[in-house]
Number of protein chains: 2
Amino acid sequence: MPTASVRALEHPTCEEIRLEGVLHALSDPMRLQIVRYLSRLPEGEEAACSAIELAIAKSTTTHHFRVLREAGVVSQVYRGTAKMNALRRRDLDTLFPGLLDTVLRADAAQRRRTD
Amino acid sequence: MPTASVRALEHPTCEEIRLEGVLHALSDPMRLQIVRYLSRLPEGEEAACSAIELAIAKSTTTHHFRVLREAGVVSQVYRGTAKMNALRRRDLDTLFPGLLDTVLRADAAQRRRTD
DNA sequence: CGCTTAATACGATAATCTACGTACTACGAC
DNA sequence: GTCGTAGTACGTAGATTATCGTATTAAGCG
């Protein structure tokens, strides 16, 4: 695994993560799709932004990842030319027990109904 | 209990309720406060819009109740001059099991931390 | 009927959000 | 150094949002 680059990315600390912000971040279909994707990775695994195929422009993708990061939903690190993303599962589970899983299950249920 | 007035209010059916819409409705502090208030009522109880003291103008309150209703989070009926509100607990629990309770618990946890 | 209370409708405004394209930067490979 | 890949920054357009004040409607009461 290549080391992280010097470029730093601002992440909210656990104390700074707000429920409203998390809910807002999750209330967009594109961002929900990103979170769903990341949630399927094995524990500890990361994915590059480009790994998720979204039907939107690249710059818009950047925007959505930023919203997720600033809300405290994902963590991002640069590795080479890639920016790797991971869910902040542990942090979210500590702050808001069960929230992430419940939302993901709700999302799965909705997709089952409407697909 | 007075009967409901003729004035009808549009509510989404269960099939029309979208997870994204629910999360968005819950991602506003004022609306979260309304939902918190309604969640504390005994099962089946309703509250008038005016029962909840919000630090905003009355017309803004109307707006937030409407967002909650259109997202499928609350149901509203006119009774006399009042408009009674209740959480759509049963519907939400059927569609998205555990979501409402988990969000309410997360909200309580956050308040415990930051108060 | 006229008064009061509860809530709405309307119109305005300022902020925020999503989306895009284009130009740019950082990194790794050659 | 040059090239390709990954992602950012910036400016912007269009939509939605949150807020307000004022005028208005509906219901119940005397």
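Residues numbered from 1 in each chain as written. Chains lettered and ligands numbered in written order. Predicted model: local features only at pLDDT ≥ 70, side-chain atom pairs only at ≥ 80, totals over all residues. Heavy atoms only, no water.

K.L.:
I'd like to hear about the protein's contact with DNA strand C, residue by residue, with values.
P.N.:
Near DNA strand C, the surroundings consist of 24 residues, among which His64 of chain A together with Ser50, Lys58, Thr62 and Lys83 of chain B are the closest. Here, DNA strand C places atoms within 4 Å of the protein, and 69% of those atoms are sugar or phosphate. Cys49 of chain B has a polar backbone atom sitting 3.0 Å from a phosphate oxygen of DNA strand C. Contact distances for DNA strand C include 2.9 Å between a phosphate oxygen and a side-chain N or O atom of Ser50 of chain B. Put simply, the parts of the chain that give the surface near DNA strand C at least two residues each are α3 (58-71) of chain A together with α3 (58-71) and β3 (82-87) of chain B. Class assignment for the residues of the surface near DNA strand C results in six nonpolar, 12 polar and six charged. (Near = heavy atom within 4 Å. Polar contact = N/O pair within 3.5 Å; in protein donor to acceptor, adjacent residues only side chain to side chain. Helix = DSSP H or I, 4+ residues; strand = E, 2+ residues; numbered from the N terminus. Nonpolar A, V, L, I, M, F, W, Y, C, P; charged D, E, K, R; others polar.)

K.L.:
Could you give an account of the pairing of strand β2 (residues 74-79) of chain A, with specific residues and numbers?
P.N.:
Residues and elements named next belong to chain A. With six bridges connecting them, β2 and strand β3 (residues 82-87) associate as antiparallel partners. Considered in β3, the bridge of Gln76 is made with Asn85. As consecutive antiparallel partners, β2 and β3 are separated by two residues, and within that stretch Gly80 has a phi angle of approximately 65 degrees, a positive value. (Pairing = 2+ DSSP bridges.)

K.L.:
Could you give me a rundown of the protein's contact with DNA strand D, with the residues and numbers involved?
P.N.:
Close to DNA strand D lie 24 residues, the nearest being Lys58, Thr62 and Lys83 of chain A together with Ala57 and His64 of chain B. Counting only atoms of DNA strand D within 4 Å of the protein, the fraction found in sugar and phosphate groups is 66%. At 2.7 Å from a phosphate oxygen of DNA strand D is found a main-chain nitrogen or oxygen belonging to Ala57 of chain B. Thr60 of chain B is positioned with one of its side-chain polar atoms (N or O) 2.9 Å from a phosphate oxygen of DNA strand D. Of the residues contributing to the surface near DNA strand D, the split by class is six nonpolar, 12 polar and six charged.

K.L.:
I'd like a rundown of the relation of the copies chain A and chain B, residues and numbers included.
P.N.:
Each copy superposes on the other: chain A lies on chain B with an RMSD of 0.0 Å after a rotation of 180 degrees and an axial shift of 0.0 Å. Both chain copies can therefore be described as sitting about a two-fold axis. (Least-squares fit on C-alpha atoms with pLDDT ≥ 70 in both.)

K.L.:
Tell me what's going on with empty space enclosed by the protein, and back it up with residues and numbers.
P.N.:
Residue and element names in this part refer to chain A. The final tally for this structure, using the stated rule, is two cavities of 30 Å³ or more. Of the voids in this model, the largest cavity is the one considered here, and its volume is about 50 Å³. Taken together, Val22, Leu26, Leu92, Phe96, Leu99 and Leu100 form the lining of the largest cavity. Tallied by class, residues from the lining of the largest cavity come to six nonpolar, no polar and no charged. (1 Å grid on protein atoms, 1.4 Å probe; cavity = no way out; pocket = protein on both sides within 12 Å on 5 of 7 lines; lining within 4 Å. Points joined across faces, edges and corners; volume = space filled by probe spheres on them.)

K.L.:
So, the pattern of salt bridges: which residues are in play, and what are the values?
P.N.:
Residue and element names in this part refer to chain B. Here the structure, examined in full by the defined rule, presents 10 salt bridges over all chains. Glu20 is paired through a salt bridge with Arg18; the nearest N and O atoms lie 3.3 Å apart. Relative accessible area serves as the criterion here: at 35%, Arg18 is assigned to the partly exposed category. Measuring nitrogen to oxygen at the nearest pair gives 3.0 Å for the salt bridge that ties Arg88 to Asp91. Overall, the relative accessible area of 24% leaves Asp91 in the partly exposed class. (Salt bridge = Lys/Arg side-chain N within 4 Å of Asp/Glu carboxyl O. Buried < 20%, exposed > 50% of the residue type's maximum accessible area, 1.4 Å probe, protein only.)

K.L.:
Describe the side chain of Arg31 of chain A, with residues and values.
P.N.:
All names here are of chain A. With respect to the helices, strands and loops of the structure, Arg31 is situated in helix α2 (residues 29-39). In terms of polar contacts, Arg31 uses its side chain to reach the side chain of His64, at 3.1 Å. With sequence-adjacent residues up to four places away left out, Arg31 is seen in contact with His24, Ala25, His63, His64, Val67 and Leu68. (Contact = heavy atoms within 4.5 Å.)

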